[in-house]
Every structure is written in C-alpha cells, then in structure tokens.
Amino acid sequence: MTQFDKRNISMMMDFYEMTMANGYFESGGEHSRVAFDVFYRRNPDGGGFAIFAGLEQVIEYVENMHFTAEDIEYFRTQNLFSDAFLNYLANFKFHGDIYAFPEGTIMYPNEPFMTVIADLIDAQLIETAILTQVNHQALIATKARRIVRSAEGRFVSDFGARRAHNMDAAIYGARAAFIGGVNGTATVSAGQLFNIPINGTMAHSWVMYFKDEFEAFKRYAEVYPKSTTLLVDTYDVIHSGVPNAIRVAKEILEPAGNRLKGVRIDSGDLAYLSKRVRQMLNDAGLEDCKIVVSNSLDEFTITSLLNQGAEIDSFGVGERLITARSEPVFGAVYKIVAVGNGTEFVPRIKVSENVEKITNPGLKNVYRIYDEQGHAVADMIALMDEKIDLTQPFRYIDPVKPWKQRAFANCTARKLLKLYVKDGKRIETLPTLQEIRDYVKYQLDKEIWQEEQRFENPHRHYLDMTPNYYEMKMNLLYKTRSQMNG
C-alpha cells in the first residue's frame, strides 16, 4: 500500500486546528454554534473580479470527513490531547451548514462567498481544507479566464501538469482552468475524472528518436492519419520542420484522403515564425492547417503576439497558467463573524489598524443588483433576515463614501448565498463542470461590465451595504473600539 492509497484527506489541516478543537472541548464549548465567512481582499493580477471554484470538492470533503484508528493513534503520540477528546474524534462527523455562491459565480473582494454555520469544533476543523480548495481553484480559474480572454476566441488548452506543484495541483488545476474557459487539457486523469476534453500532439523525443525529421513525421502520420499535428521546431522551423511537414502532407496524408491538421511551434520568436509558417502552408495549399504554439505563454504574451499580427490558431498554456505565476496566491481567509447565544447569533468583528482588514460582522446575505438591461451594477450586503424590496427606490450605503445619499432605482436583486449543506449532508444537486463553465461565460458575456474585465485599470465593482447592515457594523465597531480603549 502506498501513501496515496492510505491517505485520509480529513487530516489535511493545520495543527493549530487540533489544538483549538481540543481547547474548546476541554472548555465545554464543543457544541457552541458559530459562523465563519470565507472571503478574499484583493483580486489577483490587479484584475476586476475573481471566479469562485472548488465548491464541489469542499462539499465532498465535509461529507466524508472522519478520523481512522491510525489517525487517532497519531494524535495520541503528540501527547497533547485527552483520551476523551480522542474518543470524540473517533466518532466525528461534520454536522454543520454551508452556504455558498453557486460555483462559477463572478465574485469580488470582501464579500463572503461561503459561510459555515456549525458547532465550534466542526467549524474549526474544516478551515484549512476549505481554504486549500478554494484558494487554489479560484486562483487558477481566474487566471485561465484572463488567458482565454487574451486569446480572443482562439483555442486554448492547459499544458501545465508537468510544471504544477504536485499531482493534485495538476488535476484540480485542470478542473479550475476548464471552469475559467480553456477548451481542453493535456492531463489525462483530469479528463477522465471531470470529462474535460483531452488533447496533445507529439514530443521532441519522437522526432529525435528516428534517423531524421522526415522519417519521424512520416511514421507519426501513418499512426495518426486523421489527427496529424507535427512538432516543427526540433531542428529548424523554417528550413527543416515546415518543409518536412508539407512533404508529409503531400506524400503521405493527401494520397490517402487525409489532411495535415496542424503544426506546433514550441520555441523561438513565435510572432515572426507563425507569420512565416502561415505563408509557407498557404503557398502549399494547406490553408486549413492550424498553427499551434506553446512555450511560457500567459495573457500578457498572448496579447503581445496578437498585437504583432501573429498567425496563431491555438495556444497550449502551461506553467504560467497552472501555477498562476504572475500572482500565485489568492488570499481567501476564514474569519469568525458570529457566535451563537441561545436562538440568536451575536456578531463578532475583527478590528485592525489596516482598514482593509476590518471584517464584515454577523450573519448576512449578499445580493447582486441588476439594472434594467440586466447588467450587474453592484453587490450589496444585507442582514441575514432583512427584506429587500426594490419595487421602489432602495437606499444603500457605499461604505467607502458613507456620507453620500444613494439609492437603487428600477433595479432587481438576486441573492447569491445558497444553502448547499444542511447538518453535514448536501441538499442541492450540483451542476456539471460544463454547466459551471457555461455559467461563467454567461455572466461575463451578459451581466458583468466589459470595463470590469480590462487587464489594466479595471472598473471597480461596488460592494454596498443596506443602511441596517451598515448601522450594525458601525455600532459594533464603535463598541469594540471603546472596550479596547478601556
């Protein structure tokens, strides 16, 4: 049995979660109800939005959370935990509730895209697992969307597995990239698990194995006559690779009624080479032959290539997608926002000298506000039980400029947080991966302003508050500051 066979991902936690859980247990607080929000503070790459991804894996995690006898024995060897607490863990199941945005929702800083309401220990033990999933997949989905946007409708495939941080990062990164809009992946396990189209061409080693380049191309075409895409940069793109590819097209493929599907360039000046290659292929009557490029691509290099007039039909994007190299940390956090007191929840607020780190307290809902044309003009935080009536002008507070009198008029609202897990069990049928991907595209095509989708200086999406919620937050903030000052 290998480590992969026997690992229990319920153990994927920070150790302090165990020390906190044990402390709560020994203090008699294991059944106290609490609420935690998951949110982030800044869009990656200076962008205008992020994409929520990873919900399905979070739900799978909490549904299957348990500790084996081997896990309990490992904790026992730490010499920190009581037998009573370890016996409690041996029978542990998650029994909390999880509210979340639908997976694939376009989201913005400082709004809770997930809320956990559970007994204190339940809520504490799942912190790291939740953050691991959503920080990774939201980051990659958001990066993928930027890359897809830069490609302007051209085919984009994830080629990143070999540069991912590990096997799980490659597999779930491919899932997130598909949500973000890439057309396929080279990672076979991701294709098998998530029904993502898989694709790939040939390796330099294939070309180098045979006695010469033409022989390598010829053999490949004979094996794959219906899907021949040839890697033309092993020796010399212009003077060897493309001429040999054209020769194979004319001597091997076309006599059998087949066409050369594509050529791939993996090095060199891709803008210059693609234009030269396109002309060579066209001159040979291969106008339908696609040009595929790879080699350290991202949204910035792709934009530059297309601005230079590059003749490229398809992009294979690897390391800079699967690692989100330009900004490899998403930064979602998990903060307590309320503590149960009988049948009520008492709001809690984290206060900081850094204004951006002051949390939004209490149980709440998030609404997306739409104008008459269906554009999302803002998001709005409201108290959990607050009624939102937009049939008449609705006053709201911009927390950045609270002194201004503003109201939504002729608008509609959609509640974003939805109950997915009740008492530890899912109560909603989750969408397919293709449906999640389509939902992302619909929002960006129909609802989200194009100005928010710019790479440079995107428009800021407003996060407003109802007057009732804003008043509650300010009162709690003033009360907390007063207590701190004696």
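This text follows the structure it describes.
Description of the structure in this document. (Residues numbered from 1 in each chain as written. Predicted model: local features only at pLDDT ≥ 70, side-chain atom pairs only at ≥ 80, totals over all residues. Heavy atoms only, no water.)

1. Considerations on the overall build of the chain
When its secondary structure is counted, the chain shows 17 helices and 21 strands. The principal-axis extent of the C-alpha atoms belonging to the chain is close to 85 × 60 × 40 Å. Look at the contacts in the chain between residues 6 or more apart in sequence, and 75% of them connect residues 24 or more apart. Of the roughly 22600 Å² that the chain leaves accessible, carbon and sulfur atoms contribute 50%. Charge-centre separation for the chain: the mean point of 55 positive side chains lies 3 Å from the mean point of 63 negative side chains. (Helix = DSSP H or I, 4+ residues; strand = E, 2+ residues; numbered from the N terminus. Contact = heavy atoms within 4.5 Å. Areas by Shrake-Rupley, 256 points an atom, 1.4 Å probe, with all protein chains shown as cover. Lys, Arg positive; Asp, Glu negative; His and termini not counted. Charge placed at Lys NZ, Arg CZ, Asp CG, Glu CD.)

2. Some remarks on unusual backbone geometry
Its identity is not glycine, yet Asn79 carries a phi of approximately 55 degrees, on the positive side. On the secondary structure map, Asn79 appears in the loop between helix H4 (69-76) and helix H5 (83-90). The exposure class of Asn79 is exposed, given its relative accessible area of 67%. The phi angle at Asn410 is positive, at roughly 55 degrees, despite the residue not being glycine. Position of Asn410 among the secondary structure elements: in the loop between strand S17 (406-408) and strand S18 (412-415). According to the relative accessible area criterion, Asn410 is exposed, its value standing at 56%. (Buried < 20%, exposed > 50% of the residue type's maximum accessible area, 1.4 Å probe, protein only.)

3. As for the packing of aromatic side chains
If you walk through the whole model with that rule in mind, you get 20 aromatic pairs. Ring centres of Phe15 and Phe81 lie 5.9 Å apart, and the angle between their planes is 70 degrees; on these two criteria the pair is classed as edge-to-face. Residue Phe15 is located in helix H2 (residues 15-26), and its partner Phe81 is located in the loop between H4 and H5; the two are separated by 66 residues in the primary sequence. You can call Phe15 partly exposed: its relative accessible area is 39%. A centroid spacing of 5.8 Å and a plane angle of 50 degrees characterise the contact between Phe81 and Phe85, whose relative ring orientation is tilted. For Phe85, a relative accessible area of 0% gives the class buried. One aromatic cluster is present, built from ring pairs that chain together Phe15, Phe25, Phe67, Tyr74, Phe75, Phe81, Phe85, Tyr88 and Phe92. Here the guanidinium or amino end of Arg247 rests over the ring plane of Phe214, the centre of that ring lying 3.6 Å away. The ring of Phe178 has Arg437 sitting right over it, with the charged end atom 4.4 Å from the ring centre. (Phe/Tyr/Trp six-rings, centres within 6.5 Å; stacked < 30°, edge-to-face > 60°. Lys NZ or Arg CZ within 6 Å of the ring centre and 35° of its normal.)

4. Concerning the packing of helix H8 (residues 167-180) against helix H16 (residues 433-447)
Look at H8 against H16: their axes get within 7 Å of each other, and the N-to-C directions meet at 45 degrees. It follows that H8 is oblique to H16 by the angle criterion. On H16, the residues touching Arg175, Phe178 and Ile179 of H8 are Leu433, Gln434, Ile436, Arg437 and Val440. Broken down by class, the residue content of the contact of H8 with H16 amounts to five nonpolar, one polar and two charged. (Axes fitted to C-alpha atoms, helices over the stretch in contact; angles between N-to-C directions. Parallel < 35°, antiparallel > 145°, perpendicular 65-115°, else oblique. Nonpolar A, V, L, I, M, F, W, Y, C, P; charged D, E, K, R; others polar.)

5. Some words on H8
Over its 14 residues, H8 runs 20 Å from end to end, which matches the ideal 20 Å to within 8%, given 1.5 Å per residue. The element H8 is largely enclosed, with a buried count of 11 among its 14 residues. The set of residues buried in H8 consists of Ala169, Ala170, Ile171, Gly173, Ala174, Arg175, Ala176, Ala177, Phe178, Ile179 and Gly180. Two or three places before Asp168, at the opening of H8, Asn166 has a side-chain oxygen 3.1 Å from that residue's backbone nitrogen. At the C-terminal side of H8, Gly181 shows a positive phi close to 125 degrees. (Expected span 1.5 Å × (residues − 1). Polar contact = N/O pair within 3.5 Å; in protein donor to acceptor, adjacent residues only side chain to side chain.)

6. Looking at the pairing of strand S13 (residues 344-347)
Sheet topology places strand S12 (residues 333-341) next to S13; four bridges connect them, and they run antiparallel. Pairing of Ala338 across the sheet is with Pro347, part of S13. Two successive antiparallel strands, S12 and S13, enclose a turn made up of two residues, where Gly342 displays a positive phi of approximately 70 degrees. (Pairing = 2+ DSSP bridges.)

7. Examining the side chain of Gln57
Residue position: Gln57 is located in helix H3 (residues 55-63). For Gln57, a relative accessible area of 5% gives the class buried. Look past the residues within four positions of Gln57 in its chain and what remains in contact with it is Gln133, Gln137, Tyr172, Arg175 and Phe194.

8. Quick word on the sheet that holds S18
If you trace the four strands from one edge of the open sheet to the other, you get S18-S14-S15-S21, paired in mixed fashion. Each edge of the sheet is formed by a strand with only one pairing partner; in this case those strands are S18 and strand S21 (462-465). Geometrically, the sheet is characterised by an average inter-axis angle of 30 degrees between neighbouring strands, direction not taken into account.

9. Structural notes on the side chain of Asn360
Looking at the element boundaries, Asn360 is found in the loop between S13 and strand S14 (364-370). Asn360 gets classed as buried once you look at its relative accessible area, which sits at 11%. A polar atom in the side chain of Asn360 sits 3.1 Å from the backbone oxygen of Asn110. Here the side chain of Asn360 touches Lys473 through a polar contact of 2.6 Å, side chain to side chain. Apart from residues lying up to four places away in sequence, Asn360 is in contact with Asp37, Asn110, Val337, Ile381, Met465, Tyr469 and Lys473.

Honestly, that's just the spatial picture; any functional story needs more than this.
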